[in-house]
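# A structural walkthrough
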2 protein chains.
Amino acid sequence: MAEGRKFKVAVVGATGAVGEVMLAILAERKFPVSEVVPLASERSAGGTVKFGNRDLTVRNLDTYDFAGTDFGFFSAGSSVSKVHGPRAAAAGCVVVDNTSQFRYDADIPLVVSEVNPHQIPNRPRGIIANPNCSTMQMLVALAPIHRAVGIERINVATYQSVSGAGRSGLEELGRQTAAMLNFKDPSPKKFPVQIAFNLIPHIDDFQDNGYTKEEMKVVWETRKILEDESIQVNPTAVRVPVFFGHSEAVHIETREKISAERVRELLSNAPGVVVVDERKPGGYPTPVTHAAGKDPVFVGRIREDISHPRGISLWVVADNIRKGAALNAIQIGELLAKERGG
Amino acid sequence: MAEGRKFKVAVVGATGAVGEVMLAILAERKFPVSEVVPLASERSAGGTVKFGNRDLTVRNLDTYDFAGTDFGFFSAGSSVSKVHGPRAAAAGCVVVDNTSQFRYDADIPLVVSEVNPHQIPNRPRGIIANPNCSTMQMLVALAPIHRAVGIERINVATYQSVSGAGRSGLEELGRQTAAMLNFKDPSPKKFPVQIAFNLIPHIDDFQDNGYTKEEMKVVWETRKILEDESIQVNPTAVRVPVFFGHSEAVHIETREKISAERVRELLSNAPGVVVVDERKPGGYPTPVTHAAGKDPVFVGRIREDISHPRGISLWVVADNIRKGAALNAIQIGELLAKERGG
């Protein structure tokens, strides 16, 4: 892209856990930028953030005029996107939104860059939504299987790291762990109960059907992204005391029978996927050994489900802040840049 | 039982994580003992262990004569049970074995005290096996449902604490966590990769079908304990950085449709089960807030599976060292004592 156009890019929520990584990835991947504008609330404005080796001054989102800004990467919470996303889009800035604010609107494309990039041009409102981190990594792994043999049903149990709850989630796990090792009380602030050396089967609000909103996001987003309303999904979403990287025990039922060997082959050739699947100690991905700080979605423990004639089980691990959020948003940005001759 | 007979009881593996809790539970529950003999390898013999307020001297298993000992609770590894279990049984001591050594033998009953106590008398070899911790807690929760409407299939993802790997598992999580907070290298010793702030989707050896032995134990033991070879089970077993308490995301498919409300009612009246199921922050069991150090199996997140017409999802948490191992063994012992007029 070095020869093409360059773009003025805004990062909204630049001081947050995802925003910081967005800036790092824009630099790492040499996104064709003419200017990078980090934006945040008035409280954070005036501070600096890193973009490559440079320090950029954070500007106040409330008073920023998006006219002339090509792309805006939003990751500052739904309420911020609700107000400032449409304002940016009205000024001609294409918005790539990492929150759930617009994901379920029929006229907003919801895009995983490896799965449904063809939806990017269908953006009448000038806004493209980035999926939930759990859905994202699961679909990078499952889309090739769905294309090959069709997926009827997904049973998924997640193991989600605290970074999914933002910087305060990371701080809480660190603070509580240190407190406990010093025999002090790990009083919960960010999470409803202690997360250090514990598990919390509750992410986002409870819905009337007994699922949490985090779980229902996986259901809604899977159908929208795979463009198949018939797929049945049954998620249990659990927060675990891991800093970076979400993991998922995924059990699928396919329309046609597929062997574990064929799945391994399909995924070995799939974009954005790395298969780590040796049946020996360490021969599978884990958040620390494979995913944290890395781009791909790692898949292991691929096996034919002994409980179902057309079942496959897999273990899917990815950095929830990178592929699960920042990276996919920037990858969408790259496709937008290409569309405009970048 | 205070009026009845008293029994001479041996605890094999008395210095281990499970043996220590067995001794504590024998005291807590006022098991009708005339004498308690803690046994261990020659290396540990001569040390002391706690039984209530008393210190007992650990004796050498290799040279111990089981004649006159009524019940032997074994939790010192399969190889120890293999040699000394039959030796104790031959001397007239009823063996309750916590290892997997005899679990799958047709002439060895495999008993969860709330689920199939009627199997206790069928012990031609004088040995009764205690199930795997993951199977144990799952079946305490599922047996009432199986009895009511039949269970056809179980998809289960486990979140297993390090205490399941014994005292060295506890030490490794503590040591690695402290090392990491001090920016030191958390070199793995007990587990194949780092467990602090990480997950390991691998417990026990890999089998030819791609499942681990820990996973296959759940399959084999579920069928044997529920006395139903038709039940299909698909487990994924994962070690998590939690000290005490195993958790399970359980997704079942029943023969007849059952509502979440009816499941809640059944389990509220089931022996050994406590339902914690409010759809609000903290309204579900977690290892730290509910299970660690407690006897019951805690069940929450009960909901009708939106992906299946006869599906139910649940979240099951229990102390793997207590109900998952030591407590169930002692509960079997209590039934044996009752059989003999204790």
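Residues numbered from 1 in each chain as written. Chains lettered and ligands numbered in written order. Predicted model: local features only at pLDDT ≥ 70, side-chain atom pairs only at ≥ 80, totals over all residues.

For the rest of this paragraph, the subject is the overall build of chain A. When you go through chain A residue by residue, the secondary structure sums to eight helices and 14 strands. Taken over the C-alpha trace, chain A has a radius of gyration of 20 Å; the compact-globule value for 342 residues is 20 Å, and the two agree within 12%. Each of the three principal axes of chain A carries a C-alpha extent, and together these read 60 × 55 × 40 Å. Counting the 342 residues in chain A, one finds 59% classified as buried. When contacts within chain A are restricted to residue pairs at least 6 apart in sequence, long-range pairs at least 24 apart make up 68% of them. (Helix = DSSP H or I, 4+ residues; strand = E, 2+ residues; numbered from the N terminus. Rg over C-alpha atoms; globule rule 2.2 N^0.38 Å. Buried ≥ 20, exposed ≤ 12 C-beta atoms within 10 Å, placed from the backbone. Contact = placed C-beta atoms within 7 Å.)

Time to look at the nonpolar core. With 218 residues, the main nonpolar core has Met22 of chain A together with Met22 of chain B as its most contacted residues. If near-sequence neighbours (up to four positions away) are discounted, Met22 of chain B is found in contact with Val11, Phe73, Ser75, Ala326, Ala329 and Ile330 of chain B. (Core = buried A, V, L, I, M, F, W, Y, C linked by C-beta atoms within 7 Å.)

A separate point is the domain arrangement of chain A. Residue and element names in this part refer to chain A. Taken domain by domain, chain A consists of domain 1 (7-131 + 325-339) and domain 2 (134-320). Each of domain 1 and domain 2 was reduced to a C-alpha centroid, and the two centroids are 25 Å apart. Contacts between the two partners involve 14 residues from domain 1, matched on the other side by 18 residues from domain 2. When residues in the side of domain 1 that touches domain 2 are grouped by element, the largest group, three residues, is from helix 8 (residues 322-339). Here the residues of the side of domain 1 that touches domain 2 are counted per class, giving eight nonpolar, four polar and two charged. (Domains from an automatic or database assignment. Nonpolar A, V, L, I, M, F, W, Y, C, P; charged D, E, K, R; others polar.)

For the rest of this paragraph, the subject is the environment of Arg301 of chain A. Relative to the assigned elements, Arg301 of chain A resides in strand 13 (residues 297-304). Spatially, the C-alpha atom of Arg301 of chain A lies 5.5 Å from that of Trp315 of chain A, the residues being 14 residues apart in sequence.

Turning next to the relation of the copies chain A and chain B. For the pair chain A and chain B, the relating rotation is 180 degrees, the translation along its axis is 0.0 Å, and the fit reaches an RMSD of 0.0 Å. Both copies are brought into coincidence by an operation consistent with a two-fold rotation axis. Of the interface residues in chain A, 100% have counterparts in chain B that sit at the interface too, so the contact is made through matching surfaces. (Least-squares fit on C-alpha atoms with pLDDT ≥ 70 in both.)

Let us look at the interface of chain A and chain B. Listed by partner, the interface residues are 52 residues for chain A and 52 residues for chain B. Residues that form the side of chain A that touches chain B fall into these classes: 27 nonpolar, 19 polar and six charged.

Further remarks concern the environment of Pro117 of chain B. All names here are of chain B. Within the fold, Pro117 resides in the loop between strand 7 (94-97) and strand 8 (127-129). By the C-beta count within 10 Å, which is 16 here, Pro117 ends up partly exposed. Sequence spacing of Pro117 and Ile332 is 215 residues, and the spatial spacing of their C-alpha atoms is 7.7 Å. Those residues in contact with Pro117, other than ones at most four positions away along the chain, are Val111 and Leu335.

This paragraph deals with unusual backbone geometry. Residues and elements named next belong to chain A. Backbone geometry places Phe183, a non-glycine residue, at a positive phi of 55 degrees. Among the secondary structure elements, Phe183 is positioned in the loop between helix 4 (167-181) and helix 5 (213-226). At Asp204, a position not held by glycine, the phi torsion is positive, near 70 degrees. With respect to the helices, strands and loops of the structure, Asp204 is situated in the loop between helix 4 and helix 5. Classification of Asp204 by C-beta neighbours within 10 Å gives partly exposed; the count is 16.

Any region with low pLDDT has predicted coordinates that should not be read closely. On average, residues of chain A carry a pLDDT of 96, and 99% of them reach 70 or more. Across the whole predicted complex the pTM is 0.96, and at the interface the ipTM reaches 0.95. (pLDDT = per-residue confidence, 0-100.)

What follows covers the environment of Ala260 of chain B. For Ala260 of chain B, the location among the structural elements is in helix 6 (residues 260-268). In sequence terms Ala260 of chain B and Phe191 of chain B are 69 residues apart; their C-alpha atoms lie 38 Å from each other.

Let us now look at the pairing of strand 10 (residues 232-236) of chain A. Residues and elements named next belong to chain A. The element strand 10 is largely enclosed, with a buried count of four among its five residues. Pairing between strand 9 (residues 151-159) and strand 10: five bridges, direction parallel. Bridge pairing links Asn155 to Asn234 in strand 10. (Pairing = 2+ DSSP bridges.)

Running from N to C, helix 4 of chain A and helix 4 (residues 167-181) of chain B point in directions that differ by 120 degrees, and their axes come no closer than 11 Å. It follows from the interaxial angle that helix 4 of chain A and helix 4 of chain B lie oblique. Both helix 4 of chain A and helix 4 of chain B take part in a crossing whose hand is left-handed. Contacts between helix 4 of chain A and helix 4 of chain B pair Thr177, Ala178 and Leu181 of chain A from the former with Thr177, Ala178 and Leu181 of chain B from the latter. Split by residue class, the contact of helix 4 of chain A with helix 4 of chain B holds four nonpolar, two polar and no charged. (Axes fitted to C-alpha atoms, helices over the stretch in contact; angles between N-to-C directions. Parallel < 35°, antiparallel > 145°, perpendicular 65-115°, else oblique. Left-handed = near helix turned anticlockwise from the far one by under 90°.)

A few words now on the sheet that holds strand 11 (residues 246-254) of chain A. Residue and element names in this part refer to chain A. Strands sit in the order 10-9-11-14-13-12 across an open sheet of six strands; the sheet is mixed. Every other strand in the sheet has two partners, leaving strand 10 and strand 12 (273-275) as the edge strands with one partner each. For this sheet the average axis-to-axis angle between neighbouring strands, irrespective of direction, equals 25 degrees. Judged from the five bridges that link them, strand 13 and strand 14 (residues 311-318) form a sheet pairing that is antiparallel. Within strand 14, the residue paired with Glu304 across the bridge is Ile312. With respect to the sheet, helix 6 (residues 260-268) is in contact with strand 12, strand 13 and strand 14, its orientation differing from that of strand 13 by roughly 165 degrees.

Attention now goes to the pairing of strand 13 (residues 297-304) of chain B. Regular strands show a simple pattern: their side chains alternate between the two faces of the sheet. Residues and elements named next belong to chain B. Burial analysis of strand 13 places eight of its eight residues in the buried class, which makes it a mostly covered element. Looking at chain direction, strand 12 (residues 273-275) and strand 13 are connected through three bridges and run parallel. Within strand 13, the residue paired with Val275 across the bridge is Val299. Joining the antiparallel neighbours strand 13 and strand 14 (residues 311-318) is a turn of six residues.

Moving on to the sheet that holds strand 2 (residues 33-40) of chain B. Residue and element names in this part refer to chain B. With respect to topology, six strands assemble into an open sheet ordered 5-2-1-6-7-8, the strand pairing being parallel. The open sheet has two edge strands with one neighbour each: strand 5 (59-60) and strand 8. Of the pairings in the sheet, the one linking strand 1 (residues 7-12) to strand 2 comprises six bridges and is parallel in character. For Ala10, the partnering residue across the bridge sits in strand 2 and is Val37. Against the sheet, helix 2 (residues 78-90) makes contact with strand 1, strand 6 (71-74), strand 7 and strand 8, and its axis sits at roughly 155 degrees relative to strand 7, the strand it touches most.

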